[in-house]
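# Structure at a glance
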Amino acid sequence: MTAESKLLTLRDAISRHVPSGSMVLLGAQLEQMIPFAAGHEMIRQSRRDLTLVGPISDILFDQMIGAGCVSRVMAAWVGNVSAGVGYCFRRAVERSIPRRLEVVDYSNFTMALALHAGALGVPFLPTYATLGSDLLKKNGNLREFSSPVSEEKMVAVRALRPDVAILHVQRSDAQGNAHIWGSLGVAADGARAARKIIVVAEEIVEPSVIASDPNRTLVPGFLVAAVVHEPGGAHPSPVQGYYGRDHAFFAEYHEQTRRLEDFEDWLARWVVQATDRGDYWKQLGPGRVENLAVKEHALSAPADFGY
Amino acid sequence: MTAESKLLTLRDAISRHVPSGSMVLLGAQLEQMIPFAAGHEMIRQSRRDLTLVGPISDILFDQMIGAGCVSRVMAAWVGNVSAGVGYCFRRAVERSIPRRLEVVDYSNFTMALALHAGALGVPFLPTYATLGSDLLKKNGNLREFSSPVSEEKMVAVRALRPDVAILHVQRSDAQGNAHIWGSLGVAADGARAARKIIVVAEEIVEPSVIASDPNRTLVPGFLVAAVVHEPGGAHPSPVQGYYGRDHAFFAEYHEQTRRLEDFEDWLARWVVQATDRGDYWKQLGPGRVENLAVKEHALSAPADFGY
Amino acid sequence: MARSETDLATQGYTFSELMVAAAAREIADGELVFVGMRLPMLAFLVARRTHAPGAVGLFENGVLRENPATELLYTMGDPPNLRGATQCGSMLDVMGLLQQGRVDVGFLGAAEVDRFGNLNTTWGHRNKEMQRLPGSGGAGDIACLARRTVVLLAHDRARLCDRVGHITSPGFGTGEGWRRAQGLPAASGPSAIITTLCVLRFGHDGEAHVASVHPGVSVEEVLANTGWTLRVADELIETSPPSHEELRVMRELDPNHFWTR
Amino acid sequence: MARSETDLATQGYTFSELMVAAAAREIADGELVFVGMRLPMLAFLVARRTHAPGAVGLFENGVLRENPATELLYTMGDPPNLRGATQCGSMLDVMGLLQQGRVDVGFLGAAEVDRFGNLNTTWGHRNKEMQRLPGSGGAGDIACLARRTVVLLAHDRARLCDRVGHITSPGFGTGEGWRRAQGLPAASGPSAIITTLCVLRFGHDGEAHVASVHPGVSVEEVLANTGWTLRVADELIETSPPSHEELRVMRELDPNHFWTR
């Protein structure tokens, strides 16, 4: 009666479930738990013509754009959250380097609503956000209409249904029932809006751990196509309770990618030559990893599900 | 810097925050955590012309209707979940006893959407639910319209903003930041849709307990008008981790309220003469309370919020 | 039900057990099922334990379970149904899955069902007086949005009527094309009505017909207890009785025949 | 900023500290505040610790805090901002509060702001070349839906321009009545622009004017560094310098002037 395990290597999960041309949701938990390891694997497997979807994916979108994987980005903000602009994004938009990039500009709220509409199974959701803005004029997925109950002007945000959502989580069972805590962002809606989900987990746990707290299950396993055990896979973004944000890494990326040739060196070093996450850790060095470790644990008060 | 305590007795909370004529949300967590003690207090304080809102409130709506507090009910289901119909509801609808009752029929989903629209601050939300049904024809808050992005027929569910939501919770701090677990139902949306909230808690805890697990905070304190410490206040409905459902009580209510005069006896015994919850427990007897107690605790696996 | 007790003695199972087995077979492996209480709940449990180990159950209070609570539940909010659940989200979470078209099958009860599978749980009749019933709950939503719905009710001429007085939960309305004309999803609608006498299914025109009669029941008995001139399938069969395995699981879960009198 | 270092020596505070103090005073006690990072974050902390102990902070990732993290944050998702929060919900939870009109004030930065308080964070200019900037994030939502918005930016003729090239975050559009005509909420819109030189406020016609100049700054300097013919308030005042208490709190929170160079 126990369902089959969905555990795969990251390589196999990307290879099987993220073909070129896919619409991929990344960075659903905003600045936390960004699936960098999965993004790097897509670069190594030379994915092309991806549509990247997400409110903000910090420097992961910039890297994938720079590596030539992306033909379209649907996002509220693309750059480097702590350091400013993303140079690859700029090169792509301003000069089509390494290729032409279509940008569909959302605000955070309208992106959240697009995924919420997908999760609720409706073609659109209404909002007042973006009225009067140039986002409304330029993004074809935002359309002004008149509220059927109040005759007010409103914006209809068209539903998005990504082909695959990649969600980095704290813990998951082998069937993909996963706990996320701390920064939730648009993870719950993203999971339901997507046609399939790849879960990348810090820890693989027994189903009983997940079932001990079903309110914390943000991703139900029956929607999950693959579960990948990749501790540290969100670095340099933080994972609450597991490791902190590597601020210096973001600052260095900013400095080291200003010129195209420098970005190519960066990519070679951190992604192409680091053929898996083991190489990546060696590059990073043990001292740095140690610095990011949890210094003080802070466990949640238990909730009693007994009867 | 610590905010003022919002702790009140149930009597004062109802007296101050639930005047006659209010639109009151009850039973947001469906069959669990129904605020029976608060409903009984409204009966004792002779509230009139209330509009009761909620998907399903088991026999609480029936009792308040029978006691003459209610002029309108907006709900998906009114009755006795484990025993069938509610006789007071039937007498009110069929024969205006004790007074005329307006019923606005929703389905569970459209009720959830009405509160979600209130919580999101939009005048309506779209759905395909109730298309083709007589609910759509008869409930003026459900209106057919054409989707602005797909030209499909859809239903616009008008937002509801109750004057007050009464939420029974497992634990709250004195400012009303409250943890709910187990059955969530429409509690999160109900809390945000309402103009104010009364929290009725099994336990009052230190703010640090709530802040140890902010993902479990379903009710943010700044929306809360009053916090009431009323252990057992949801009986005969269950509270996960605190007590079970008193199935026999529901069956007895069904038997003891079939005839109008029997209901009046029931009400006198359990509500009017039981001037507070202490009397109510005496009526119930210690053996019965003991039977409902948690037999086996089942604590959630901790989540580490450290860094 | 005296009749079922007789059946138990003579046939080795009750009519309720037969209904549960028939309902369980409406669930395929891996399907997402909107479960109700009582007989549908038992049917879901039987399906999980026999031919559909990968079926997942949804409840309107936000609960999603892979390993169903095996205790007797009076309501979906009973504590055993929350403990050990796979996910406890909000009502909107599960209704979203339903509206996405991801829910394969939903089980419904009804006070009245008609020729086109429309259900009424809002207004009943007794001695020509209108009786107010509890209302839709989530039934109307499931009837609108689940890919298939299966109705369970006792076979009674007053309850299987030509046209329901109030459509709480739409079936095929007035027949072919009606659901699409209302705007309901293309892949949705009633799939079967399982009664104490027979199983009804629907033709392309949306009208119900007898597809199988339960062992020991005659077609005449079915027709006499139905409030309209009921069509009969060209190849009428007998409903398969519950298997040993199905009965074994049912009785393990419900040893005192609380649900399956 | 060499200028601020000079100010620190001669006036006892930096221009950034002055901006933070001015921003903190835009928050009243008990208000719900959409907090940004950097200076607005510090302003929120100062307000909580001085005149507005009951202010509540919201963040776009779903976080709601009464007791703000006192560590240096680089992003709102830094672990110290989650631990000990009052509530960590979803982005939609906090955006819902915003759209309900419950958020009193939101802080915004911008690459460009114009005469009517419209903001551009999508397209910049350098040497006449268009530069793609990161985009709206939540800024456009806050600009549309918060009851008041307060903009903080360095005063520069290229950044305070007559009309922004792209409206990422709407202010008063083209003037009086514009926001309502777009369908934006009646109680919403820019309240102040706090620059390194002055505080701008808005008249009924939606156009910005200088309301106060910072100590040591002349009106002429403000006008010369503004890209349109800026109106000056009839009763122009000097921006109040940060109080001892405000400075004490700021420096306790930011002892190395990381945020307030």
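Residues numbered from 1 in each chain as written. Chains lettered and ligands numbered in written order. Predicted model: local features only at pLDDT ≥ 70, side-chain atom pairs only at ≥ 80, totals over all residues. Heavy atoms only, no water.

## Notes on the overall build of chain A
Rule in force here: Here a helix means four or more residues in a row that DSSP labels H or I, a strand means two or more in a row labelled E, and each is numbered from the N terminus. The size measure is the radius of gyration over C-alpha atoms, and the globule rule it meets is 2.2 Å times the number of residues to the 0.38 power. Relative accessibility decides the category of a residue: with a 1.4 Å probe and only protein chains considered, values under 20% of the type maximum give buried, values over 50% give exposed, and everything between is partly exposed. Note on contacts: a residue pair qualifies if any of its non-hydrogen atoms lie within 4.5 Å across the two residues. Note on areas: Shrake-Rupley, 1.4 Å probe, and residue coverage restricted to the protein chains presented here. Positive charge is attributed to Lys and Arg, negative charge to Asp and Glu, and no charge count is given to His or to the chain ends. Here the site of a charge means NZ on Lys, CZ on Arg, CG on Asp, or CD on Glu.
Counting its secondary structure elements, chain A contains twelve helices and 13 strands. Radius of gyration (C-alpha) of chain A: 19 Å, near the 19 Å computed for a compact globule of 307 residues. For chain A, the C-alpha atoms occupy an extent of roughly 60 × 55 × 35 Å along the three principal directions. Relative to its 307 residues, chain A shows a buried fraction of 69%. Restricting to contacts in chain A with at least 6 residues of sequence separation, those with at least 24 account for 73%. Total accessible area on chain A stands at roughly 9,400 Å², and carbon and sulfur atoms take up 49% of it. Here chain A carries 31 positive and 34 negative side-chain charges, and the mean point of each set is 6 Å from the other.

## Considering helix 1 (residues 10-17) of chain A
Count 3.6 residues to each turn of an α-helix, and residues three or four apart come out pointing the same way. Inclusion rule: This arc corresponds to the set of directions leading from the helix axis out to the C-beta atoms.
Taken together, the buried positions of helix 1 of chain A are A:L10, A:A13, A:I14 and A:H17. Angular distribution of buried residues about the axis of helix 1 of chain A spans 95°; they occupy a single face of the element.

## Quick word on the arrangement of the chains
Taking contact number as the criterion, the leading pair out of five pairs of chains in contact is chains A and B. With respect to C-alpha atoms, chain C approaches chain D no nearer than 13 Å, and the pair has no contact.

## A short note on the confidence of the model for chain C
Counted only if it meets this: You can read pLDDT as the predictor saying how much it trusts each residue, on a scale of 0 to 100.
Per-residue pLDDT for chain C has a mean of 93; in total, 97% of the residues score no lower than 70. Among the prediction metrics, the complex's ipTM stands at 0.97, with pTM recorded as 0.97.

## Digging into the domain arrangement of chain C
Residue and element names in this part refer to chain C. Inclusion rule: Each domain's extent is set by a domain assignment, obtained either automatically or from a database. Here the quantity called buried area is the total loss of accessible area, with a 1.4 Å probe, experienced by two parts when brought into contact, counted for both. We define a salt bridge as a side-chain nitrogen of Lys or Arg found within 4 Å of a carboxyl oxygen belonging to Asp or Glu. Here a polar contact means two N or O atoms within 3.5 Å. Within protein one must be a hydrogen donor candidate and the other an acceptor candidate, and residues neighboring in sequence count only if both atoms are side-chain atoms. Residue polarity follows a fixed list, in which Ala, Val, Leu, Ile, Met, Phe, Trp, Tyr, Cys and Pro are nonpolar, Asp, Glu, Lys and Arg are charged, and the others, Gly among them, are polar.
For chain C, the assigned domains read domain 1 (1-103 + 240-261) and domain 2 (107-234). Using only C-alpha atoms to locate each centre, domain 1 and domain 2 end up separated by 20 Å. Taken together, the contact pairs 21 residues of domain 1 with 24 residues of domain 2. Taking both partners together, domain 1 and domain 2 bury about 2,000 Å²; carbon and sulfur atoms supply 66% of that area. Area buried by domain 1 at its contact with domain 2 is led by M19, E26 and L98, which between them contribute 30% of it. Here domain 1 is connected to domain 2 by two salt bridges. Across the salt bridge formed by E26 and R201, the nearest N and O atoms sit 2.5 Å from each other. Across the contact surface, domain 1 and domain 2 share seven residue pairs in polar contact (both at pLDDT 80 or more). Counting residues per element, the side of domain 1 that touches domain 2 draws most heavily on helix 2 (residues 15-24), which supplies five residues. Here the side of domain 1 that touches domain 2 is composed, by residue class, of 14 nonpolar, three polar and four charged.

## Quick word on the pairing of strand 4 (residues 102-105) of chain B
Residue and element names in this part refer to chain B. Quick reminder of the rule: For two strands to pair, DSSP has to find at least two bridges joining them. Think of it like this: strands point away, you trace from the first strand over the helix to the second, and a clockwise trace means the crossover is right-handed.
As paired strands, strand 3 (residues 70-77) and strand 4 are joined by four bridges and run parallel to one another. Counterpart to M74 in the pairing with strand 4 is V104. Following the backbone out of strand 3, through helix 4 (residues 87-95) and into the adjacent parallel strand 4, one traces a crossover that is right-handed.

## Some thoughts on the interface of chain C and chain B
At the interface, 42 residues of chain C touch 50 residues of chain B. Both sides together, the interface formed by chain C and chain B hides about 3,700 Å², and carbon and sulfur atoms give 60% of it. Counting every contact that joins chain C to chain B gives two salt bridges. In this structure, the connection of chain C to chain B is made through 20 residue pairs in polar contact (both at pLDDT 80 or more). Secondary-structure elements contributing two or more residues to the side of chain C that touches chain B are helix 4 (79-82), helix 5 (91-99), strand 9 (129-132), helix 6 (139-145) and helix 7 (178-182) of chain C. Ranked by the residues each element gives to the side of chain C that touches chain B, the list is headed by helix 5 of chain C, at four residues. A class-by-class count of the residues in the side of chain C that touches chain B yields 19 nonpolar, 17 polar and six charged.

## Overview of the pattern of salt bridges
Residue and element names in this part refer to chain C. Across all of its chains, the model carries 58 salt bridges over all chains by this definition. Where R163 meets D114, a salt bridge forms, and the shortest distance between an N and an O atom there is 3.9 Å. Within this pair, whereas R163 is found in the loop between strand 11 (160-161) and helix 7, its partner D114 is found in strand 6 (residues 112-114), the two being separated by 49 residues in sequence. With a relative accessible area of 45%, R163 lands in the partly exposed category. With a relative accessible area of 0%, D114 lands in the buried category. Notably, a salt bridge pairs R231 with E207, separated by 3.1 Å at the nearest N-O pair.

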